[in-house]
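Each chain, written out:
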Amino acid sequence: MKKGILYLFFFVLIATKVQAQNIALNYQNLPLNEVLIDLNQRYDAQISINSSISENCQITLSGQYDNMLQAMKALAKECNLEVTQVGNVYTFQQKKPTTATKTAKKPPLHLFQGTVIDGLTGEPLPFSRVETGSTILLADENGKFSFKSEKSSETILFRHLGYGILDTSLHHQSQLQIQLNPKSFGLSTIIVDNKPTSSPSPIHLPTIGQSAGHIKLNDIATQLIPGNDNNMIFNHLRLYPGIMAAGESISDFITWGSYKGQGQIIYDGISLFSGSGINDDIGRVNPLMIKNIEVYKGGYNVDKGDRIGGIMLIDSKNGDRKKLSGNISLNNQVAGGRISIPLFNHSSTLQIAGRKSYYELLDFKPQVTRRANRIVPQYQYGDLNLKFTTVFKNKDLLEVSSILSKDTYKESFNRKQTFEYQSNLSMLSSQIGGSIQYTRQGKKGGNTKLQLAQSQYHLERTSFFQFKDIINPNSDKSEIDKWDNQIEEYSARIIHNFASARKQNIQLSAAYIHNQSKFKLDSADNELKDFDQKLDRLSFYFKDNIQFAPIFNVQVGLKADLPLSTQKVYLQPRVDGQLKLSKKLKLNFGWGIYNQFIGQPLVLDEFGNQTEIWQIFDGKALKPLQSMHNVVGLAYHTKRWEIGLEGYYKTISNLSRFVAETDSITATSFQGNAIAKGVDFFLKFRFSEHEMWTSYSLGEIEEQFSGKDGETITQLAPHSQLHELKVATAFNFSPFHLTATYVYGSGLPNSLKKDSDILSPYHRMDVAFQYRFKVKKTNFQTGFSILNVFNYKNTRLGQFTRFPDGSIQPTLGIPFTPNIYLNLSF
């Protein structure tokens, strides 16, 4: 009896010891069935589970557990299962549904969060496309994405224009780093978290049709376009439908009928009030700093810009944190360079870039002749860009960016016949801006960005014209005007992106914006009074991207602007979305209400000469601009073909125009409205390494303004053009590249002549040749570009001098202009 009791005691003791031993789990991305087999071999654990359940759950788990039951419960939790112990057997099964009287418990969500970067330079790839299952979302401007899934592992597709496509399986993590390689380098592998995965796919991501009115460009995908690199943005965009090329009014950024000052260019969060230098030959943004360009012609949602016209978002490079790198660009007009310096153990970069023109050294442009009867300008330009970027250990991002540009412009005209005409114009302008952006990655998903920005544009203009009648000296007339116009903006903005979850992606924003505009006129006839205007306002928006089905998603948004001076709330609801009609064909749509609180009303002097001045629309003296956009389009995309068809209908309200009369020393203000409507067509064909495309725009802009006697005057707007056709080819016979472009415009309403129905067609053909080679670790590009090959006499939109006798001298557009260049990068 005592012996039996002793055996029983030892049995209990051994069982208790086995039960109390520590169970160690340390698994990385293994199927549940393999984990359970390992536990069986190590601890002789007996397990019962359906194989279909154990094969479809991936386990990443590390820890120590007091007993086997605790360890089994931890594994069951990872896979959303239940485990029970019956004797020495652990049984896994699906969780039982709750009764109808209890609320069903939602399965836990796993966070997938990270950054999409360039595999060679480490540059974040903004607005990359992230696709998982039926959900499609875009990374932010820093390449960051964040979403939650009921699955612990997901198959995810990453796309970015100009890069190989990555289709890979990932386990949930909060600091994923996705590396995509440029197609032009042809690398064989993609690296994700230092592990080789799939090769880059040859599929092309389209430049248009991603959403309503959208065009996407970046510095890799846009290398083969002809033209002056210092005006790269306009040289590229002018070849796409809906962006007007005729008139060569670059700084106006005319898209889908928008007037001057209604489009917005945003560089690193800085609102630029002028997109180009005064003579429109050089863009304000140094192309060596550009990483990505997103253009929205209309129908965009509440998170895009602060205007009623087109929006251009430009993101600059973050720099190479691994090594010293840079670029040098030389041509017969401008010299430029950029250097990127890694700092603080490769956690930060400092970039310095600048350009300087030297037109007077090599001037290929024709001079004014009596036959030409056109004004040719003289010009000087210089700019400087600075950017500091640092990535903290927790992946938070700090960016400090600045832009400074100054230029001077002079034009003169003198002709003697029966009458003597003399005209002189000089202008000095500066665009200064800076921004600080701090992006914090949320531990539970999403991110929050704090942005402080400042921008100031200053223009001084002095004009003189003289008219002499040799036969009748009493009709002689001369006038000198000098005016100064300044516009500035200070803003503080906070934006929070929630992690995308259960087919929804919510974004919230709040902002404080201060605008100030100044104008001073020194003239014998003070048609306009000096002013110093200020406006402070609060701006809020809410946006939700809803995925109703794998083929249908909608973004709904609401924006509210509150000028503090009037306490009136301007609500602006907006909606856009996509419907996939097939794998290759989709329908895009967009609708919205838009308000604008600063702008550039047109000012006409007593002879009809025109200019624009920046003013504030505070709802008192001038009403805020308002527009309604209606956009619908089809986009078809394959490996070789890219086709887009898009229609728009826009209304524009509260336009202002100031007209000086000959019998008055003050200008009269007139109010008006406009309707812009049209259709855009785009066709691109790829064969081998070559591309050919054409775009066509059909449109009309009709405006209505009140007249002196109260009557309503209906007419075509000065920038209304019925037809515009663009053709481009890009041949890649590496290392030789040849490009050619041609633009035809049917003509603008010719305000230079008494009959406004007479049109002046626009023609321009550009060609370029490039040779690329490499010496050690330095890449070279050299070649030539010829603008306006046939030297067609185009004129600039709205730039002319009108004399008292009614004669007009227009300002010449870009003439025959050879451009020789050498670019190198290291």
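Just above sits the structure.
Here goes a summary of the coordinates provided. (Residues numbered from 1 in each chain as written. Predicted model: local features only at pLDDT ≥ 70, side-chain atom pairs only at ≥ 80, totals over all residues. Heavy atoms only, no water.)

**Section: the environment of Gly 275**
Quick note on the threshold: The secondary structure listing takes helices from DSSP runs of H or I that are at least 4 residues long and strands from runs of E that are at least 2 residues long, numbered from the N terminus.
Mapped onto the fold, Gly 275 is located in the loop between strand 17 (270-272) and strand 18 (290-296). Taking C-alpha positions, Gly 275 is 9.3 Å from Gln 431, a pair spaced 156 residues apart along the chain.

**Observations concerning the packing of aromatic side chains**
Formally: When the centres of two rings from Phe, Tyr and Trp lie within 6.5 Å, Trp using its six-membered ring, the rings pair. Their planes under 30 degrees apart give stacked, over 60 give edge-to-face, and anything left gives tilted. Classification of residues uses two cut-offs on accessible area relative to the type maximum, computed with a 1.4 Å probe and protein chains only: under 20% is buried, over 50% is exposed, and between them is partly exposed.
Inspection of every chain in the model, using the stated rule, returns 19 aromatic pairs. Aromatic pair Tyr 300 and Tyr 594: ring centres 5.0 Å apart, planes at 65°, arrangement edge-to-face. You can see Tyr 300 sitting in the loop between strand 18 and strand 19 (311-316) and its partner Tyr 594 sitting in strand 33 (residues 585-596), a full 294 residues away along the chain. Looking at Tyr 300, the relative accessible area reads 2%, which means it is buried.

**Observations concerning the sheet that holds strand 8 (residues 135-138)**
The condition that has to hold: Any two strands with at least two DSSP bridges between them are considered paired. Axis definition: a line fitted to C-alpha atoms, limited for helices to the stretch in contact. Angles are taken between N-to-C directions and run from 0 to 180 degrees.
In space, the four strands of this open sheet follow the order 8-7-10-11, with antiparallel pairing throughout. Since the sheet does not close on itself, it has two edges, and those belong to strand 8 and strand 11 (166-171), each with one partner. Neighbour-to-neighbour, the strand axes of this sheet turn through a mean angle of 25°, independent of strand direction. Direction of pairing for strand 10 (residues 153-159) relative to strand 11: antiparallel, over a ladder of six bridges. Along strand 11, the bridge assignment pairs Phe 158 with Leu 166.

**Overview of unusual backbone geometry**
Cis geometry is found at the peptide bond from Ser 734 to Pro 735, where omega equals 15°. Along the polypeptide, Pro 735 turns up in the loop between strand 43 (723-733) and strand 44 (736-749). Positive phi outside glycine occurs at Asn 80, with the angle close to 60°. Topologically, Asn 80 is positioned in the loop between helix 4 (68-78) and strand 4 (81-86). When its relative accessible area of 27% is taken as the criterion, Asn 80 is described as partly exposed. Even without glycine at this site, Ser 688 takes up a positive phi of about 55°.

**So, the packing of helix 2 (residues 32-43) against helix 4**
Just so we agree on the cut-off: Any angle that is under 35 degrees is reported as roughly parallel, and any over 145 degrees as roughly antiparallel; angles of 65 to 115 degrees are reported as roughly perpendicular and all others as oblique. Whether two residues are in contact is decided by their heavy atoms: any pair within 4.5 Å suffices. Note that Gly is not counted as nonpolar here; it falls among the polar residues with everything else outside the nonpolar set of Ala, Val, Leu, Ile, Met, Phe, Trp, Tyr, Cys and Pro and the charged set of Asp, Glu, Lys and Arg.
Packing of helix 2 against helix 4 brings their axes to within 12 Å, and their N-to-C directions diverge by 170°. The pairing of helix 2 with helix 4 is recorded here as roughly antiparallel in orientation. Listed contacts from helix 4 to Leu 32, Val 35, Leu 36, Leu 39 and Tyr 43 of helix 2 are Met 68, Met 72 and Leu 75. By residue class, the composition of the contact of helix 2 with helix 4 is eight nonpolar, no polar and no charged.

**Here's the deal with the pattern of salt bridges**
Our working definition: Note on definitions: salt bridges are taken to be side-chain nitrogens of Lys or Arg within 4 Å of carboxyl oxygens of Asp or Glu.
What the rule picks out here adds up to 27 salt bridges. Linking Glu 612 and Lys 260 is a salt bridge whose minimum nitrogen-to-oxygen distance equals 3.2 Å. Separated by 352 residues along the polypeptide, Glu 612 in strand 36 (residues 610-612) and Lys 260 in the loop between helix 5 (232-237) and strand 16 (264-267) bring together distant segments of the chain. The exposure class assigned to Glu 612 is buried, which follows from its relative accessible area of 18%. If you follow the salt bridges from partner to partner, you end up with Asp 306, Arg 537, Lys 559 and Asp 561 in one network.

**Topic: the nonpolar core**
So the rule is basically this: Buried Ala, Val, Leu, Ile, Met, Phe, Trp, Tyr and Cys residues that are joined via side-chain atoms within 4.5 Å together make up what is termed a nonpolar core.
Ranked by size, the top nonpolar core spans 50 residues in total, and within it Tyr 259 and Leu 655 carry the most contacts. For this core, the element with the highest residue contribution is strand 39 (residues 641-660), accounting for five residues. Membership of the second largest hydrophobic core comes to 30 residues, among which are Ile 215, Ile 233, Leu 272 and Ile 290.

**A word on helix 2**
In plain terms, the rule: Take the residue count of a helix, subtract one, and multiply by 1.5 Å to get its expected span. Note that the arc is defined by the directions from the helix axis to the C-beta atoms.
In a regular helix each residue adds 1.5 Å, so 12 residues correspond to 16 Å; helix 2 covers 16 Å between its end C-alpha atoms and thus fits that length. Taken residue by residue, helix 2 has Leu 32, Val 35, Leu 36 and Leu 39 as its buried positions. Buried residues in helix 2, looked at end-on, bunch into an arc of 95°, giving them a common side. Two residues or fewer past helix 2, Asp 44 is found with a positive phi of approximately 55°.

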